Amino acid sequence: DLVRSRGLGDVYKRQGRSRQVLVAVEDRARRIDARLVTIGSGVHAIRAATVVSLQHPAISGPVYDSKKDPVLAASTRSIDIEHSFARPVVSWIGKHGFVSEPTTAATLYELDPWLRETLEASLPADQQAAPPEDRAASLVRGDAELFRCFVALEDGSFVQLPARTLPDDFDPRQSSWYRRGVREPELHWTRPVSDLAGHSLRLQSVAGIRSKGKLLGVAGCDLRVAALASTLDLDLPGFRKAYLVTKEGKIAASKDLERRVLTNSMDPDADLALPSVDDPKLAIHVAAGDTGGFYEAPGDTLIVYARLLTNPWTYVVELDAS
């Protein structure tokens, strides 16, 4: 009886610790949700500003010469990508040919404050309260979690901040994020894609822009996967790794995801071969939409998971079960 009672005590003690870990994992999942909601609110603001600007063009405001785009400088975060945070650049199909500037160009330039504010809201908390010139320097250094903010309209015109060089034949309406925004007008997050140079991964938050039932375009932003992955680890005994999993059982964010999947592809819209989760049981739980739980997997591994509320992803933590 004594041996049996000690055995049961160990079981109860172990289950109690597992539940404590589950609480910690659920708390971190909600923190991740809160961060994604904050970023998404910036996209909502950009979308609303676009509708207002199209319906009520400003009589006066920032006037930019589209033939004198800002000087681009090399990025500190992405090799071979030049950019400028001085102001956004508006592009349209045939801009460098014989196609004149569309009437929507001036409207898109007016979105500069909302694009900039959304980017600055993704800076570290201590930098968000800094003077404007310091925030601008932080953006140039690449301290923001966001890679860029952008708006594309149905006539093919496009604006993004920071300004970047685009191909002469660039048509944003052919981008996968634009097609997703048209099909799913409510804000949603896409699976990871590579940047233009294929050196980093980003997740895209996009939302369709509509007014009175008419499609006007798509607004969105890109979140650095590395920035999101840096928030996943937990200070728990036996912690091994943490990651986000899509409903298809693919890893959407982890510290080693870039190393595992990136190639020197110049197509930022190409589907990446994302790795699948190692444990089949976890894939089943995720596909079933389980809100959370824990179990022991082979290799003396305790898997604890909690589903996000902002999108159909699951936050997963692996620990040493012993």
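Quick note: structure is the one above.
Residues numbered from 1 in each chain as written. Predicted model: local features only at pLDDT ≥ 70, side-chain atom pairs only at ≥ 80, totals over all residues. Heavy atoms only, no water.

Undergrad: Explain the sheet that holds strand E11 (residues 239–245) to me, please; I cannot follow it from the model alone.
TA: The pairing of strands in a sheet comes from backbone hydrogen bonds and takes either a parallel or an antiparallel form. The strand order E12-E11-E15-E14-E13 describes an open sheet built from five strands, whose pairing is antiparallel. Both outer strands of the open sheet, strand E12 (251–253) and strand E13 (292–297), are each paired with one neighbouring strand and no more. The average undirected angle you get between the axes of adjacent strands in this sheet is 35°. Bridge count between strand E14 (residues 301–307) and strand E15 (residues 314–320): seven bridges; the pairing is antiparallel. Bridge pairing in E15 places Val 304 opposite Val 317. Across the face of the sheet, helix H9 (residues 280–287) comes into contact with E11, E13, E14 and E15 while running at roughly 15° to E14. (Pairing = 2+ DSSP bridges. Helix = DSSP H or I, 4+ residues; strand = E, 2+ residues; numbered from the N terminus. Axes fitted to C-alpha atoms, helices over the stretch in contact; angles between N-to-C directions. Contact = heavy atoms within 4.5 Å.)

Undergrad: Whenever I open this one, unusual backbone geometry confuses me. Can you help?
TA: Cis rather than trans, the peptide bond between Leu 161 and Pro 162 has omega equal to 5°. Within the fold, Pro 162 resides in the loop between strand E5 (158–161) and strand E6 (163–164). In this structure, Lys 212 takes a positive phi of about 55° despite not being glycine. Even without being a glycine, Asp 300 presents a positive backbone phi close to 55°. Looking at where Asp 300 falls in the secondary structure, it is placed in the loop between E13 and E14.

Undergrad: What should I look at first to understand the pairing of E11 in this one?
TA: Residues in a regular strand point their side chains to alternate faces of the sheet. Where E11 meets E15, six bridges bridge the pair, whose relative direction is antiparallel. Pairing of Tyr 243 across the sheet is with Val 316, part of E15. With two bridges connecting them, E11 and E12 associate as antiparallel partners. Bridge pairing links Val 245 to Ile 251 in E12.

Undergrad: Mind showing me how you'd approach the pairing of E14 here?
TA: Most of E14 is tucked away, with six of its seven residues classed as buried. Relative to E14, E13 runs antiparallel, the two sharing six bridges. What sits directly across from Glu 296, in E14, is Leu 302. The antiparallel pairing of E13 with E14 creates a hairpin that spans three residues between the two strands, and Gly 299 there sits at a positive phi of about 85°. Remark: six residues form the turn of the hairpin made by E14 and E15, two consecutive strands paired antiparallel. (Buried < 20%, exposed > 50% of the residue type's maximum accessible area, 1.4 Å probe, protein only.)

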